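Fold and contact review
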Amino acid sequence: MRIAILPDDATIGKVAADLIEELYREKPNAVLGLATGSSPLSIYRELIERHQAGKLSFKEGKAFMLDEYVGIAADHPERYRNVIHTEIASHVDFPEGCVNGPDGNAEDLHAACAAYDQSIKDAGGVDLQILGIGSDGHIAFNEPGESLTCRTHVGVLTEQTRRDNARFFDGDIDQVPTHCVTQGLGTIMDARRLVLVAQGKGKARAIKELVEGAVSAKWPATIMQMHQDAWVLVDEEAASELELSDYYREVWEKSR
Ligand SMILES: N[C@@H]1[C@@H](O)[C@H](O)[C@@H](COP(=O)(O)O)O[C@@H]1O
């Protein structure tokens, strides 16, 4: 893994956006994997700025989202499809209909999950997947105990995740949906590059497990240790429990 301990969120956004800009320069029809949550917002701000400055275009691109709540109202601002529209898609130039997300309101959720995996395959796979991480080590909505190879599926959110996400639902855990549809860890691992970002003390334990823990379903993000091109971009607080942080800093400096 490439581990970067960076001074602040703005720098995390810049480093991740550099990777995405480089991708679209080399491959204008690249497929980008989009994540929700607060962690990727600095990346989206950078991408929008670069797009508005004429340096970056997604006009031949496609995007796939990671996950969605089940049963959330179509016009709910926290429906991930709406969040992605607000935070990034409406500000850049992906062609109409080219930003895809799993359907949490499908009549047959299992069929919709299988169809979603197929649509990612049909698009040629994800070139670069942006990821955040839950405080319990989940990526997308793959909670502890999930199969390390699963495909897009219906999942049950842990109480910790619902508590963490209650801040987006008037601080009321009862308003947070109990189920989700999510790309599986197997689906995510098929992306050609993974770029995970994390900020703040609340992510320190999950980052320690991700980078230095044993690969295990208890901490689903640890599966990234098995990926050949995984980047972990964190701030000082999120890196604060890493035992080998001095070494990671040295490697990062020497490999630039
Ligand atoms: N499903 C999302 C994840 O994709 C996200 O990475 C995580 C962290 O969120 P945040 O970045 O707001 O801390 O929580 C949510 O539950």
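Residues numbered from 1 in each chain as written. Predicted model: local features only at pLDDT ≥ 70, side-chain atom pairs only at ≥ 80, totals over all residues.

1. Side note on the overall build of the protein chain
Counting secondary structure elements, the protein chain contains eight helices and 10 strands. Seen through its C-alpha atoms, the protein chain measures out along the principal axes to roughly 50 × 40 × 35 Å. Buried residues in the protein chain amount to 43% of all 256 residues. Put simply, of all contacts in the protein chain between residues at least 6 apart along the chain, 79% involve residues at least 24 apart. (Helix = DSSP H or I, 4+ residues; strand = E, 2+ residues; numbered from the N terminus. Buried ≥ 20, exposed ≤ 12 C-beta atoms within 10 Å, placed from the backbone. Contact = placed C-beta atoms within 7 Å.)

2. Observations regarding the environment of V176
By the element assignment, V176 lies in the loop between α5 (159–165) and β8 (179–182). A count of 20 C-beta atoms within 10 Å places V176 in the buried class. Through-space distance from the C-alpha of V176 to that of C150 is 24 Å; in sequence the pair is 26 residues apart. For V176, the contacting residues outside a window of four places in its chain are R162, N165, A166 and F169.

3. Thoughts on the pairing of strand β3 (residues 62–65)
A regular strand places its side chains so that they alternate between the two faces of the sheet. Because side chains alternate across β3, one face comprises the buried residues K62 and F64, and the other comprises A63 and M65, equally buried. Sheet topology note: the strand β2 (residues 31–34)/β3 ladder contains four bridges and is parallel. When the bridges of β3 are listed, L34 appears paired with M65. In terms of handedness, the path from β2 via helix α2 (residues 41–52) over to β3 forms a crossover that is right-handed. Relative to strand β5 (residues 99–100), β3 runs parallel, the two being bridged by two bridges. Paired with F64 across the two strands is N100, which belongs to β5. (Pairing = 2+ DSSP bridges. Right-handed = clockwise from strand over helix to strand, strands pointing away.)

4. Details of the confidence of the model for the protein chain
Averaged over every residue, the pLDDT of the protein chain is 97; residues scoring 70 or more account for 100%. Note on the complex model: pTM 0.97, ipTM 0.95. (pLDDT = per-residue confidence, 0-100.)

5. Description of the sheet that holds β8
Overall, antiparallel pairing links the three strands, which are arranged β4-β8-β7 in an open sheet. In the strand order of this sheet, the two ends are held by β4 (67–69) and β7 (153–156), each with one partner. Neighbour-to-neighbour, the strand axes of this sheet turn through a mean angle of 30 degrees, independent of strand direction. Relative to β8, β7 runs antiparallel, the two being bridged by four bridges. Bridging across to β8, G155 finds its partner in C180. Here helix α4 (residues 109–122) sits on the sheet and contacts β7 and β8; the angle it forms with β7, its principal contact strand, is near 120 degrees. (Axes fitted to C-alpha atoms, helices over the stretch in contact; angles between N-to-C directions.)

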